[in-house]
Amino acid sequence: MKITDVRAHHVRIPYDAGPASFRQGASAISALDMVLVEVSTDAGLTGWGDAFAYVCPKTSCTAVTEMIAPQARGLDVPDAAQIPAVMEQIQRNLHLFGRYGITMFAISALDIALWDLAGKVKGTPLHQLIGGARRSSIPAYASLMRIGNPAQIAAECRKAIKLGYAAIKLHETTVPAVSAAREAIGPAVPLMVDMNCPLDGPAAIQFARDCKQAAPMFLEEPVWPPEDFATLAEVRREGGSISQPARTPAPCISSAR
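Positions within a chain are numbered from 1, following the residues in the order the chain's sequence is written. Owing to the predicted nature of the model, reporting of local features is limited to residues with pLDDT of at least 70; listing and counting of side-chain atom pairs is limited to 80 or more, with chain, interface and lining totals taken over all residues. Hydrogens and waters are ignored; side-chain quantities use all the structure's heavy atoms.

## Quick notes on the overall build of the protein
Secondary structure elements are taken from DSSP: a helix is a run of H or I of four residues or more, a strand is a run of E of two residues or more, and numbering for both begins at the N terminus. Helices and strands together make up the secondary structure of the protein, namely eight helices and ten strands. For the protein, buried positions account for 41% of its 257 residues. Two residues qualify as a contact provided that any one of their heavy atoms is within 4.5 Å of a heavy atom in the partner residue. Contacts spanning at least 24 positions in sequence make up 66% of the contacts within the protein whose residues lie at least 6 apart. Shrake-Rupley sampling with a 1.4 Å probe provides the accessible areas, and residues are treated as covered by the protein chains on show and by no other component. For the protein, the computed accessible surface area is about 13,800 Å², with 56% contributed by carbon and sulfur atoms. The cut-offs for exposure are 20% and 50% of the maximum accessible area for each residue type, with area from a 1.4 Å probe on protein chains only; residues under the lower value are buried, those over the upper are exposed, and the others partly exposed.

## Some thoughts on the pattern of salt bridges
Side-chain pairing between opposite charges can occur once the charged atoms of the two side chains come close. Salt bridge criterion: a side-chain nitrogen from Lys or Arg within 4 Å of a carboxyl oxygen from Asp or Glu. Under the criterion given, the structure shown has eleven salt bridges. Between Lys2 and Asp76 there is a salt bridge, and its shortest N-O distance comes to 2.7 Å. In this pair, Lys2 sits in the segment before β1 (3-14) while Asp76 sits in the loop between α1 (57-72) and α2 (83-93), placing the two residues 74 residues apart along the sequence. One salt bridge in this structure joins Glu88 and Arg92, with 3.1 Å as the shortest N-O distance. Taken as a pair, Glu88 and Arg92 lie in helix α2 at a separation of four residues, close to a single helical turn. When salt bridges with common partners are traced through the structure, they connect Lys169, Asp194 and Glu220 into a single cluster.

## As for the pairing of strand β5 (residues 46-52)
Burial along β5 is one-sided: Gly47, Gly49 and Ala51 are buried, while Thr46, Trp48, Asp50 and Phe52, pointing the other way, are not. At least two DSSP bridges between two strands are needed for those strands to be called paired. Pairing of strand β4 (residues 31-41) with β5 involves seven bridges; the strand directions are antiparallel. Bridge pairing links Met34 to Phe52 in β5. Connecting β4 to the antiparallel partner β5 that follows it, the hairpin turn spans four residues, and Gly44 within it adopts a positive phi of roughly 90 degrees.

What follows is the structure in structure tokens.
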């Protein structure tokens, strides 16, 4: 069975909470943009993956069309054991474009689609191909947009709890925003803060200390650049070692998205 085509489809889902308060370029983010990637085969089976798009769906679509599709067309559809080697070779072929950002968005979409195909070829759920199920359900948290306004943040947090989410993840960068969320959800609900790299080390340490009463489980990407692991370690050591209420551990610092 061979891959005959790889096509990208842009999907745009407007946010019902309105535009986020932060901007990328000239426009506030008001919708979720994703790129679904369709991998067709000469046997009639189709695999589906998705590429992160954020504010650049056209760019992600172009990357799939111009970078990934030529690499994949004509390949034998790999089974589960062969997928890692196939994907490594494609990364090697495209290394000139880097192994981050748009390039990896597009490569990841193909990877996901190949696993989808592998499961369909075997007629088995995907989890069985990657080691079997370890649990029957996975708890979900509500990942909110960066809203900025504390009153609106509180309202969105309360809405998420009513919808059944058992934890909240913010994308805020101010102490009043974090405090408003904690006040809205109460002391027992886990609260996480993803900052998207706005601060230097000393400012991040101070932010962690100032958020002590809100007891976040972790601060994600507090510093720029995100790969400054020495500073991240310092922020964890100096900002995350403050005594926390018994309900939660001291916050940890994460660099992962």
